[in-house]
Amino acid sequence: MNNDERYALLRSVGEECIQENELRNLIAKKPNIRCYDGFEPSGRMHIAQGIFKAVNVNKCTAAGCEFVFWVADWFALMNDKVGGELEKIGVVGRYLIEVWKAAGMDMEKVVFLWSSKEITSHADVYWRMALDVGRQNTIARIKKCCTIMGKVEGTLTAAQILYPLMQCTDIFFLKADICQLGLDQRKVNMLAREYCDVVGRKLKPVILSHHMLAGLKQGQAKMSKSDPDSAIFMEDTEEDVARKINQAYCPRVAQAEQDVTDDGAPVATDDRNPVLDYYRCIVYARPGEAATINGVRYTTYEDLESAFVKEQVSEAEVKQCLIDEVNALLAPVRQHFATNAEAHELLEAVKSFRKGGAASPLAETQLPPGPEKPHACMWMPALLKVPLDVAEAMVEAAKSFLAAHPDGSVTLILPDWSAVASDEITGVEKDISAALEVNSALLHSYGLPAAVKIVKENDVILANSNDYWVGVISVGRKNLLSHIEELYGGEVKNAGQVIAALMRVATALLLSASHVISTSLDGQLNTLSREYTKERIECLQTHEGSIPPLHRPDAAPALLGADDVLYLDDGDMDIRRKIKKAYSAPNESANPVVAIAQHLLTFHGPLSIERGEANGGSVTYEKPEAIAADCGSGALHPADLKAAVSKALLERSAPSRALLSGPLKKSLTVLRNAEKKMTKKK
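Residue positions are given per chain, counting from 1 as you read along its sequence in written order. Given that this is a predicted model, residues contribute local features only at a pLDDT of at least 70 and side-chain atom pairs are listed and counted only at 80 or more, while totals for whole chains, interfaces and linings are drawn from all residues. Computation of side-chain values covers all heavy atoms of the structure but excludes hydrogens and water.

An unreviewed UniProt entry lists the chain under the name tyrosine--tRNA ligase, with Leptomonas pyrrhocoris given as the organism. UniProt positions are given in the numbering used here, feature names are shortened, and annotations may be inferred rather than shown by experiment. The UniProt entry for the chain carries the following comment under Sequence similarities (unreviewed entry): "Belongs to the class-I aminoacyl-tRNA synthetase family." The Function (unreviewed entry) field of the UniProt record for the chain holds the comment "Catalyzes the attachment of tyrosine to tRNA(Tyr) in a two-step reaction: tyrosine is first activated by ATP to form Tyr-AMP and then transferred to the acceptor end of tRNA(Tyr)."

Rendered as structure tokens:
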């Protein structure tokens, strides 16, 4: 074929093409074009998936393309198909492949790739991209894509939000040039093209969407698997085919171009004739095919439609011809499953699954074995600057847990992947990793016990990526999206945050946690681990507030500045400046400086005040109450207390400043550049 002929053959596959000029450019410039379609192994295959798909695939390969089928077993799991059991889903997938082989699909240039196997084998590449797609899209945008699963808002599980993110990722992961799916998949395919704009990718996937075959009953815009008489199925008997077509709705109306919604779904109308739709998509879609009725050979669909509308042929004659054509197409499939032992066994297994129930309820969820000894997990905040109050509370929480559980352990998790998904800092993994490295090292310098193990989320995921992501999906299946949004306080800025919440639970399970330690920055996220494990995992909360903001208690939030908070990475000048400016009035027993002084005394030993004899002489405080009493009475002046607090903070932070000017210098440079990027973004 020349390029024009190749274009014409490929274009005939799609009812809609986005964009036609890009398709022509592909044909002209790329020698090896890759088409892609994905399918959920979810039960019976109807004729549109079987015969119509085989016809379209054969056209694509005849035009010189390779066709990749993505056997979406993990997607079927997310969508709770076949009882949510991967083993059964796999059996259904193998059955569907056998159907296509028997239906005449030319397998020479067709490749079947199983999502579970391919994703697990390339977890690093795949999931990084999926999480990036999530962070680049609002939750509202992803919700719009969920019509691909027939779901409406309010019924969506968190796992079903992962579905369009992964389907978008599949396109790039599989290096697809053409997305050859149904018209109802338009929105998620457009999501991929929009993602190209966001990340600056010039070559976008061409969307070549095939027609959605109508249901056989009146007003059915497309076939429904839940209504057996809505469609012809690939395993239907000759009697089934005859009965369904004879009962089919068949008005004598010329078929106008079908209206579709923004989602790409066909609009129901009483003018749609499913019998004629079958002729157009099943009979005449095959190159060179024709229909013969009463000795008259109708070489084009248009000729047949015109003859029927003008009453030149009867409804019974049109239906009988279609019955004969469909049965002739299904005969090799019936023969294959009757004579091939392996295919027959697969079919019988699939039939048996239909008698089963829905996906396992939460009570039956199989959890990994619990820990033999107490083990607490806590997450390092993914921030450029971690408030000192939060850091000190984390140190004390780890110490308290180890003291209460001498045989226990604590793990500090660096959420390098989930922080990318949540678009923390710049959303760039290099910047996030630098922040986590710096702040976890500083936390050690502030007294985090050496016994606390530091683990990167990246290492947890890649050590057992299959179990990890199946765990993420399982957690998502058991939680409505609305519940995850509630845990975030009702505000979810992007779809990646939803996945990040599920990842926390999967991480805790793989690390065999018995407890999770939460800071104020975690909000309610860690309660998801407790809920999912039916309280097998306990939630502990850090005790913060002993190092409060440095402003007046009644100051308006809009007036607060960077100098109102002490941070883990504060340098010498930062500490001196902030304490000097901190609010602390005479004759007050409670204010920010008093609170910090009491914290230093409680956790780090006596606090010494150095002053001249004329001002009362030097004094050492050993009880927090004594500091409050002397500040309230005026015996301890705010300036003297500030000097002592500054000195104590400088002594306490000396090891961290040494790290910042030494081993952490390179990572600190990355953070400063990230801070500049964030400032420009604002």
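Visitor: Just give me the short version of the overall build of the chain, but keep the residues and values in it.
Guide: By the criteria applied, helices consist of DSSP H or I runs no shorter than four residues and strands consist of E runs no shorter than two, each listed in order from the N terminus. Looking only at helices and strands, the chain features 28 helices and 15 strands. The principal-axis extent of the C-alpha atoms belonging to the chain is close to 125 × 50 × 40 Å. The buried share of the chain, taken over its 682 residues, is 55%. The contact rule is simple, with two residues in contact once any of their heavy atoms fall within 4.5 Å. For the chain, contacts bridging at least 24 residues in sequence account for 74% of all contacts bridging at least 6. With the model as given, the accessible surface of the chain reaches about 28900 Å², and the carbon-plus-sulfur share is 51%. When charges are tallied, Lys and Arg are placed among the positive residues and Asp and Glu among the negative ones, while His and the ends of the chain are skipped. Lys charges are placed at NZ, Arg charges at CZ, Asp charges at CG and Glu charges at CD. Charged side chains in the chain number 77 positive and 90 negative. The centres of these two groups are separated by 4 Å. Each residue's exposure class comes from its accessible area (1.4 Å probe, protein chains only) as a fraction of the maximum for that residue type: buried when under 20%, exposed when over 50%, partly exposed otherwise. Note on areas: Shrake-Rupley, 1.4 Å probe, and residue coverage restricted to the protein chains presented here.

Visitor: Describe in detail the pairing of strand S12 (residues 515-518), supporting the description with residues and values.
Guide: Going residue by residue along S12, you find His-515 and Ile-517 tucked away on one face and Val-516 and Ser-518 tucked away on the opposite face as well. Strands qualify as paired when DSSP identifies two bridges or more between them. Across three bridges, strand S9 (residues 375-379) lies against S12 in parallel orientation. Note on S12: the bridge partner recorded for Ala-376 is His-515. When S12 meets strand S13 (residues 538-541), the two strands line up parallel, connected through four bridges. Directly across from Ile-517, in S13, lies its bridge partner Leu-540. Handedness of the crossover joining S12 and S13 through helix H23 (residues 527-532): right-handed. Note on handedness: a clockwise path from strand one over the helix to strand two, with the strands aimed away from the viewer, defines a right-handed crossover.

Visitor: Can you break down the pattern of salt bridges residue by residue, with the values?
Guide: Salt bridges, as used here, are contacts in which a Lys or Arg side-chain nitrogen is within 4 Å of a carboxyl oxygen on Asp or Glu. Scanning the model with the defined rule gives 36 salt bridges in all. A salt bridge links Arg-128 to Glu-429, with the shortest nitrogen-to-oxygen separation between them at 2.6 Å. Taken together, the positions of Arg-128 in helix H7 (residues 123-135) and Glu-429 in helix H18 (residues 429-445) put the pair 301 residues apart, joining distant regions of the chain. Take Arg-128: its relative accessible area is 27%, and that puts it in the partly exposed class. Residue class for Glu-429 comes out partly exposed when judged on its relative accessible area of 22%.

Visitor: Can you tell me about the domain arrangement of the chain, naming the residues and giving the values?
Guide: On domain assignment, one finds that the chain holds domain 1 (3-209), domain 2 (238-349), domain 3 (375-541) and domain 4 (572-681). Here the C-alpha centroids of domain 2 and domain 4 sit 82 Å apart. The domain limits used here are those given by an automatic or database domain assignment.

Visitor: Can you break down the sheet that holds strand S6 (residues 206-209) residue by residue, with the values?
Guide: Spatially, the six strands line up as an open sheet ordered S1-S6-S5-S2-S3-S4, and their pairing is mixed. Unpaired on one side and paired on the other, strand S1 (16-18) and strand S4 (110-114) mark the two borders of the sheet. Across five bridges, the pairing between strand S3 (residues 66-71) and S4 is parallel. Bridge assignment links Val-68 to a residue of S4, and that residue is Val-111. Fitted lines through C-alpha atoms serve as axes, helices being fitted only where they are in contact, and the angles separating the N-to-C directions of these axes extend from 0 to 180 degrees. Sheet contacts for helix H2 (residues 20-29): S1, strand S5 (178-179) and S6; angle to S6, the most-contacted strand, approximately 110°. Strand contacts of helix H3 (residues 47-62): strand S2 (34-39), S3 and S4, with the helix running at about 140° to S3, the strand carrying the most contacts.

Visitor: Summarise the nonpolar core; cite the residues concerned and give the values.
Guide: In these notes, a set of buried Ala, Val, Leu, Ile, Met, Phe, Trp, Tyr and Cys residues joined through side-chain atoms within 4.5 Å is what counts as a nonpolar core. Within the largest apolar cluster, 160 residues are counted, with the highest numbers of intra-cluster contacts made by Trp-127, Tyr-278, Tyr-279 and Trp-469. Considering each element in turn, this core owes the most residues, 11 residues, to helix H9 (residues 158-173). Apart from the residues within four sequence positions on either side, Trp-469 is in contact with Trp-74, Trp-127, Leu-131, Trp-417, Ile-461, Ile-499 and Met-503.

Visitor: Help me get a handle on helix H1 (residues 3-11), residues and values and all.
Guide: For H1, the complete set of buried residues consists of Arg-6, Tyr-7, Leu-9, Leu-10 and Arg-11. Those residues of H1 that are buried lie in contact with S1, H2, H3, S5 and S6. Whenever two N or O atoms come within 3.5 Å, that pair is a polar contact, provided that in protein one can donate a hydrogen and the other can accept it, and provided that, for residues adjacent in sequence, both atoms are side-chain atoms. One side-chain oxygen at the N-terminal end of H1 lies 3.1 Å from the backbone nitrogen of Asp-4; it belongs to Asn-2.

Visitor: Report on the packing of H9 against helix H22 (residues 495-510), specifying residues and quantitative values.
Guide: At a closest axis distance of 10 Å, the pairing of H9 and H22 adopts a crossing angle of 125°. Classified by the angle their axes make, H9 and H22 are oblique. Two packed elements cross with a definite hand, and for H9 against H22 that hand is left-handed. In this structure, H9 uses Ala-158, Ile-161, Leu-162 and Leu-165 to contact H22, whose residues at the interface are Ala-495, Val-498, Ile-499 and Leu-502. Each angle gets one of four labels, with under 35 degrees taken as roughly parallel, over 145 as roughly antiparallel, 65 to 115 as roughly perpendicular, and the rest as oblique. What makes a crossing left-handed is the near helix being turned counterclockwise from the far one by less than a right angle; a clockwise turn instead makes it right-handed.

Visitor: Which residues make up the side chain of Asp-177, and what are the values?
Guide: Take Asp-177: it is sitting in the loop between H9 and S5. With relative accessibility at 11%, the residue Asp-177 sits in the buried group. At 2.8 Å, the side chain of Asp-177 forms a polar contact with the side chain of Lys-30. Look past the residues within four positions of Asp-177 in its chain and what remains in contact with it is Leu-26, Lys-30, Asn-32, Ile-33, Arg-34, Pro-205 and Val-206.

Visitor: Residues and numbers for the side chain of Thr-411, please.
Guide: By the element assignment, Thr-411 lies in strand S10 (residues 409-414). Residue classification places Thr-411 among the buried residues on the basis of a relative accessible area of 5%. A polar contact of 2.7 Å, which involves the side chain of Thr-411, links it to the side chain of His-375. Contacts of Thr-411, omitting those with residues within four sequence positions, involve His-375, Ala-376, Cys-377, Met-378, Val-452, Lys-453, Val-455 and Leu-511.

Visitor: Account for the packing of helix H12 (residues 274-283) against helix H13 (residues 301-309), with residues named and values stated.
Guide: Two elements in contact, H12 and H13, have axes whose closest approach is 10 Å; the angle formed by their N-to-C orientations is 165°. Between H12 and H13, the angle is such that the two are roughly antiparallel. As H12 runs across H13, the sense of the crossing is right-handed. Where H12 abuts H13, its residues Leu-276, Tyr-279 and Arg-280 lie against Tyr-301, Leu-304, Glu-305 and Phe-308.

Visitor: Explain unusual backbone geometry residue by residue, including any values.
Guide: For the peptide bond that leads from Ile-18 to Gln-19, omega is 0°, which places it in the cis range. Position of Gln-19 among the secondary structure elements: in the loop between S1 and H2. For Ser-512, which is not glycine, the phi dihedral falls at a positive 55°. Assignment of secondary structure puts Ser-512 in the loop between H22 and S12.

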